[in-house]
2 protein chains.
Amino acid sequence: MSQSRDKALYQIQGILLLCLWYCGEHLQLRCRLCLFRLSLRIPREVIRANIGDAHAMGQKPITFIRQVVAICAYPELLNSDMMPEDAKQRARYLLQGCNGGSLGAYSMSQGIDRIRKKVAKYIETRDGGIPSDPETIFLTTGASDGIVTIMKLLVSGHGRCRTGVMIPIPQYPLYSAAISELAAVQVNYYLDEDNAWALNVPELRRSLNEARKRCYPRVLCVINPGNPTGQVQCRKCVEDVIRFAAEENLLLMADEVYQDNVYAEGCQFHSFKKVLFEMGPEYSDTVELASFHSISKGYMGECGFRAGYMELVNMDPEVKAQLVKLVSVRLCPPVTGQAVIDLITDPPQPGDPSHENFIQEKQQVLSALAEKAHLSEQMFNSIPGFQCNPVQGAMYTFPRIQLPPRAVQAAQAAGQAPDMFYCMKLLEEMGICVVPGSGFGQREGTYHFRMTILPPLEKLKTVLENIKGFHQRFIEEFS
Amino acid sequence: MSQSRDKALYQIQGILLLCLWYCGEHLQLRCRLCLFRLSLRIPREVIRANIGDAHAMGQKPITFIRQVVAICAYPELLNSDMMPEDAKQRARYLLQGCNGGSLGAYSMSQGIDRIRKKVAKYIETRDGGIPSDPETIFLTTGASDGIVTIMKLLVSGHGRCRTGVMIPIPQYPLYSAAISELAAVQVNYYLDEDNAWALNVPELRRSLNEARKRCYPRVLCVINPGNPTGQVQCRKCVEDVIRFAAEENLLLMADEVYQDNVYAEGCQFHSFKKVLFEMGPEYSDTVELASFHSISKGYMGECGFRAGYMELVNMDPEVKAQLVKLVSVRLCPPVTGQAVIDLITDPPQPGDPSHENFIQEKQQVLSALAEKAHLSEQMFNSIPGFQCNPVQGAMYTFPRIQLPPRAVQAAQAAGQAPDMFYCMKLLEEMGICVVPGSGFGQREGTYHFRMTILPPLEKLKTVLENIKGFHQRFIEEFS
């Protein structure tokens, strides 16, 4: 394994995407990326607020989704009176789309035909009628798979000059890891923390100009709603970014996996696809766009099924052809996950037996998330030394924390990033697992952590109270 | 996209891993890899004997597997009297191993702990008690995912000299595609067609010596039972290969996805792991081995779930650490597929309610495959101009066909490989889809095709009769 590439890839300082498990009374920790390992004697529950894994935090699956999956897996259930008629009907429809009528057959590599058509229809409805072509839809093994695949296609072939990929800071670390793995160049642009983590074009331009000295910037990644930062871009902001991409001939990668997770009043999700087409043919005929969605987030939170989709706009036919080849090598995305995509893009309609329950379950999840987003922000802002932007969308708070100089020194003595030091203490003392900002990138000298808003409300309140108490003690200890 | 790499990757001449679908009365064809497209007016059924996709050819899923998956997906079914007690018990066990008790939560990246333990136990039993450590087991998104991941780890870091990967010819094209994608060097060794596609060490040595002039050969891939060639390696042959790998310091990649598919009398599957350990510490302490298995083949044929596992022996701890990091970026393999791995590595035991039915279904599939393997070989060998090695294992026949010089000329005039030309005619005239040998590689001037033995018996008989008739007409036409 090449050392330099490897180092670039994995020494993302301080990342703490931890695996946690108990071995007797000792909590075992292992970081998923840096392999940092630790054994702690914490004889009580650990709150895993480090990863956007809704079901792991107790969120219940949507009944209709699971009923249809169960029937597809075991079609004898078409005879069961435990299953509603519309679930049976949908299972029949999906199995007809599977080779041999089985979830166990390979599908086409791009994804099952009738499901891609549903996705296209769903996008059209979402975007107020702007057309979407099923041929431009690719079902994927989760959004991560799609993102890495597209990057792989784009990141090569510019002669001796390496391809630059612009990513927000803070960012979801999949991006930096993929860039390093592909030996591309990471080009950072900073989100504006003082302005609710807004994406500003002047900062994009600064970043691009600086990057052109060292690489060939070709891709601009945007995460909207933001992870870990939780901002939801306004329409004008999306427009500005598209205009910038058009001027600078950048391909846009729009990570929109949190499109259903918008909570703040006055905020609305604007898909890049929709805005692009509303800006007229000057843009909609030229700007290359790949946008990504997933079944892992939203109200369904079905991470374990590993499924998502991407839509490609204005993609060079040759590049698209390469893409078809590239995905074919892996045969097909998991078929069960593809079925779930069908269900979220074409949910039960009014009048269907499952409609009412589906809507109720969906609303319950989303309104609980909205309440918890608001609560977390409020609570954090009530802690002296905390500063937390509104959680407009996604599933995370990303508060900025002021750490006393003595804490910074103690961290350095321990060989840790200061916010890593803070998060480890929080875990050790309170059993609360969050991710230090250094895992996502942050402006030099600032410190943050990412915490999911996924714990059940009462538990979340306790967590927030506990963090407050912890922080006061921490500050006292290091003042 | 880099042109040269791209060309190497995809211009695998004549490959015909076709997607087929009807559009009105016209059959649409698209090759999964070379994107070759065609529309044919074939107003009758097409037999897709081109891909090892058991369920697509009508094989029924194993009931117990699907019952457990259904209950896991929709745990309300724990209350259903349609489900046997052992399926319920297993579902409870599996859900306890899932975070939040849900298939929808992420698992550990390496795979669910208790399932990896089952896999290790399964391997131990298979290999007569030779120990297997769950820490060396990685669950994967199908065997392809594991193979590509391991190659990615190994194929770099030898300075300016590119890494060579030895693969059999004929080979399953995943290997050549992955090698090209990773910009490694494909090093061909030829299987001995005159000797039932045996793997000979002198040929390995010839290939290695030749390759050392142009690259740094580091990996030796073996497919056993063979795809597309169907041979099952004898114990001595496995031993010879291991000794060769030890002498030449090659890492062995053993693709053993067809380990349950052995039909010929006197043939037996010998895992590389077992033989390695039986050869004593001189080998078992030193030879690096990665072996792969899958739920897509065997008697279950659950391709659509995309799951498999790999076991690593003597892997450098640093390389293993990199692997853990690499798989972490994609979060985790599909959890439903992981559950299926649990079921095939720990099937119902005597006394369990589902045991009898499970064994019966399994035997039914395997004995039908054995019958069809035998039938296909016999039938092909009865056709003048056909020469077919015994189908000792796997799911394919790979007959050699003699093509008259005029057919070769006609193919050249059409810009096609001669066996591609033959296979296209077979598809057009008879609606039978098989893969030309040129897609797998073959000795210069020889022609083959790969046909699965998966069609139901009666249909397979018709297919074989039809090929016989077609071949006679073809020979007449071009004599």
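An unreviewed UniProt entry annotates chain A as alanine transaminase originating from Callorhinchus milii. Note on chain A: under the UniProt heading Sequence similarities (unreviewed entry), the record states "Belongs to the class-I pyridoxal-phosphate-dependent aminotransferase family. Alanine aminotransferase subfamily."

For chain A, the count of helices and strands is 16 helices and 17 strands. Here chain A holds 479 residues, and 63% of them are scored as buried. Taking as baseline every contact in chain A between residues at least 6 positions apart, the subset at least 24 positions apart corresponds to 69%. Carbon and sulfur atoms provide 49% of the accessible area of chain A, an area that totals close to 17,100 Å².

On to helix 13 (residues 355-381) of chain A, then. Along an α-helix, a turn takes 3.6 residues, which lines up residues three or four apart on a common side. Residue and element names in this part refer to chain A. The terminal C-alpha atoms of helix 13 lie 39 Å apart, and with 27 residues this matches the ideal 39 Å at 1.5 Å per residue to within 8%. Of all the positions in helix 13, only His355, Phe358, Glu361, Val365, Leu366, Leu369, Lys372, Ala373, Ser376, Glu377, Met379 and Phe380 are classed as buried. Lining the buried residues of helix 13 we find helix 2 (63-73), helix 3 (85-97), strand 12 (386-387), strand 13 (396-397), strand 17 (449-452) and helix 16 (457-478).

Let's shift gears to the domain arrangement of chain A. Residues and elements named next belong to chain A. Each domain of chain A was delimited in the assignment, giving domain 1 (11-58 + 361-478) and domain 2 (106-345). For domain 1 versus domain 2, the distance between C-alpha centres works out to 27 Å. On the domain 2 side, the residues contacting the 32 residues of domain 1 number 33 residues. When residues of domain 1 are sorted by the area they lose upon contact with domain 2, Asn389, Gln392 and Phe440 head the list and together hold 24% of the total. As a salt-bridge pair, Arg400 and Glu193 come within 3.5 Å of each other at their nearest N and O atoms. For the pair domain 1 and domain 2, the number of links is 16 residue pairs in polar contact (both at pLDDT 80 or more). Counting residues per element, the ones that place at least two in the side of domain 1 that touches domain 2 are helix 13 and strand 13.

Counting from both sides, the interface comprises 78 residues of chain A and, opposite them, 79 residues of chain B. The tally of links between chain A and chain B comes to two salt bridges. For Glu181(B), the salt bridge goes to Lys152(A), with nearest N and O atoms at 2.7 Å. On inspection of chain A and its partner chain B, the count reaches 22 residue pairs in polar contact (both at pLDDT 80 or more). Within the residue set of the side of chain A that touches chain B, elements represented by two or more residues are helix 1 (3-10), helix 2, helix 5 (142-154), helix 6 (174-181), helix 11 (317-329) and helix 12 (335-345) of chain A. No other element matches the eight residues that helix 11 of chain A contributes to the side of chain A that touches chain B. Residues of the side of chain A that touches chain B, tallied by class, amount to 37 nonpolar, 24 polar and 17 charged.

Mapping chain A onto chain B calls for a rotation angle of 180° and an axial translation of 0.0 Å; the resulting RMSD is 0.0 Å. Put plainly, the chains are arranged around a two-fold axis. Closest approach to the rotation axis within chain A is made by the C-alpha atom of Ala70(A), at a distance of 2.0 Å. When you check the interface residues of chain A against chain B, 100% turn up at the interface there too, and the contact is symmetric in its surfaces.

This brings us to the confidence of the model for chain A. Residues and elements named next belong to chain A. For chain A, per-residue confidence averages 90 on the pLDDT scale, and residues scoring 70 or more make up 90% of the total. This model gives residues 1-16 a pLDDT under 50, and the stretch forms 45 contacts once residues within four places in sequence are excluded. Of the two predicted TM-score estimates for the complex, the pTM is 0.90 and the ipTM is 0.89.

The next subject is the sheet that holds strand 7 (residues 185-190) of chain A. Residues and elements named next belong to chain A. In space, the seven strands of this open sheet follow the order 5-11-10-9-8-6-7, with mixed pairing throughout. Two strands bound the open sheet, and with one partner strand each, they are strand 5 (137-140) and strand 7. With direction set aside, neighbouring strand axes in the sheet form an average angle of 25°. Of the pairings in the sheet, the one linking strand 5 to strand 11 (residues 308-313) comprises four bridges and is antiparallel in character. By the bridge assignment for strand 11, Ile137 is matched with Glu311. Along the sheet face, helix 11 touches strand 5 and strand 11 and points at about 25° away from the line of strand 5.

Let us look at the pattern of salt bridges. Counted according to the given criterion, the structure contains 52 salt bridges over all chains. One salt bridge connects Lys118(B) with Asp342(B), and the closest N-O pair in it is separated by 2.8 Å. You can see Lys118(B) sitting in helix 4 (residues 113-126) and its partner Asp342(B) sitting in helix 12 (residues 335-345), a full 224 residues away along the chain. Under the relative-accessibility criterion, Asp342(B) is labelled buried at 0%. Among the ionic contacts, a cluster of salt bridges with common partners joins Arg235(A), Lys236(A), Glu239(A), Asp240(A), Arg243(A), Lys274(A) and Glu278(A).

Moving on: the packing of aromatic side chains. With the rule as written, the count across this model stands at 30 aromatic pairs over all chains. Ring geometry for Phe380(B) and Phe449(B): centres 5.7 Å apart, planes at 85°, overall edge-to-face. With Phe380(B) in helix 13 (residues 355-381) and Phe449(B) in strand 17 (residues 449-452), this pair connects stretches of sequence that are 69 residues apart. Of the two residues, Phe380(B) and Phe449(B), neither departs from the other in class, the shared state being buried. Here a set of aromatic residues connected by ring pairs shows up, and it is made of Phe380(A), Phe386(A), Phe421(A), Tyr422(A), Phe449(A), Phe470(A), Phe474(A) and Phe478(A). The ring of Phe277(A) carries the charged tip of Lys273(A) above its face, separated from the ring centre by 5.4 Å. Here the guanidinium or amino end of Arg443(B) rests over the ring plane of Tyr190(B), the centre of that ring lying 4.4 Å away.

With that settled, the discussion passes to empty space enclosed by the protein. Evaluated as defined, the whole model comprises nine cavities of 30 Å³ or more. As for the largest cavity, its lining consists of 35 residues, of which Asp145(A), Arg330(A), Thr141(B), Asp145(B) and Arg330(B) are closest to the centre. For the lining of the largest cavity, the elements supplying multiple residues, two or more each, are strand 5, helix 5 and helix 11 of chain A together with strand 5 (137-140), helix 5 (142-154) and helix 11 (317-329) of chain B. Sorting elements by how many residues they give to the lining of the largest cavity places helix 5 of chain B first, with five residues. Classifying every residue of the lining of the largest cavity gives 16 nonpolar, nine polar and 10 charged.

Residue and element names in this part refer to chain A. Buried residues dominate strand 8 (residues 216-223), accounting for seven of its eight residues. As judged from the four bridges shared by strand 6 (residues 163-169) and strand 8, these two strands associate in the parallel manner. Across the sheet, residue Gly164 finds its bridge partner in strand 8, namely Pro217. Note on the crossover from strand 8 through helix 8 (residues 235-248) to strand 9 (residues 251-255): the handedness is right-handed.

Glancing now at unusual backbone geometry. Pro225(B) follows Asn224(B) through a cis peptide bond whose omega is -10°. When you line up the elements, Pro225(B) lands in the loop between strand 8 (216-223) and helix 8 (235-248). The backbone of Ala196(A) sits at a positive phi, close to 55°, despite the residue not being glycine. Here Ala196(A) lies in the loop between strand 7 and helix 7 (201-211).

All names here are of chain B. Read across the open sheet, the three strands follow the order 13-17-16; overall the sheet is antiparallel. The strands lining the two open edges of the sheet, one partner per strand, are strand 13 (396-397) and strand 16 (435-436). Bridging between strand 16 and strand 17 involves two bridges; their strand directions are antiparallel. Across the sheet, the residue bridging to Pro436 is Phe449, located in strand 17.

What counts, and where the lines are drawn
Residues numbered from 1 in each chain as written. Chains lettered and ligands numbered in written order. Predicted model: local features only at pLDDT ≥ 70, side-chain atom pairs only at ≥ 80, totals over all residues. Heavy atoms only, no water. UniProt positions renumbered as here; feature names shortened; annotations may be inferred. Helix = DSSP H or I, 4+ residues; strand = E, 2+ residues; numbered from the N terminus. Buried < 20%, exposed > 50% of the residue type's maximum accessible area, 1.4 Å probe, protein only. Contact = heavy atoms within 4.5 Å. Areas by Shrake-Rupley, 256 points an atom, 1.4 Å probe, with all protein chains shown as cover. Expected span 1.5 Å × (residues − 1). Domains from an automatic or database assignment. Buried area = accessible area lost by both parts, 1.4 Å probe. Salt bridge = Lys/Arg side-chain N within 4 Å of Asp/Glu carboxyl O. Polar contact = N/O pair within 3.5 Å; in protein donor to acceptor, adjacent residues only side chain to side chain. Nonpolar A, V, L, I, M, F, W, Y, C, P; charged D, E, K, R; others polar. Least-squares fit on C-alpha atoms with pLDDT ≥ 70 in both. pLDDT = per-residue confidence, 0-100. Pairing = 2+ DSSP bridges. Axes fitted to C-alpha atoms, helices over the stretch in contact; angles between N-to-C directions. Phe/Tyr/Trp six-rings, centres within 6.5 Å; stacked < 30°, edge-to-face > 60°. Lys NZ or Arg CZ within 6 Å of the ring centre and 35° of its normal. 1 Å grid on protein atoms, 1.4 Å probe; cavity = no way out; pocket = protein on both sides within 12 Å on 5 of 7 lines; lining within 4 Å. Points joined across faces, edges and corners; volume = space filled by probe spheres on them. Right-handed = clockwise from strand over helix to strand, strands pointing away.

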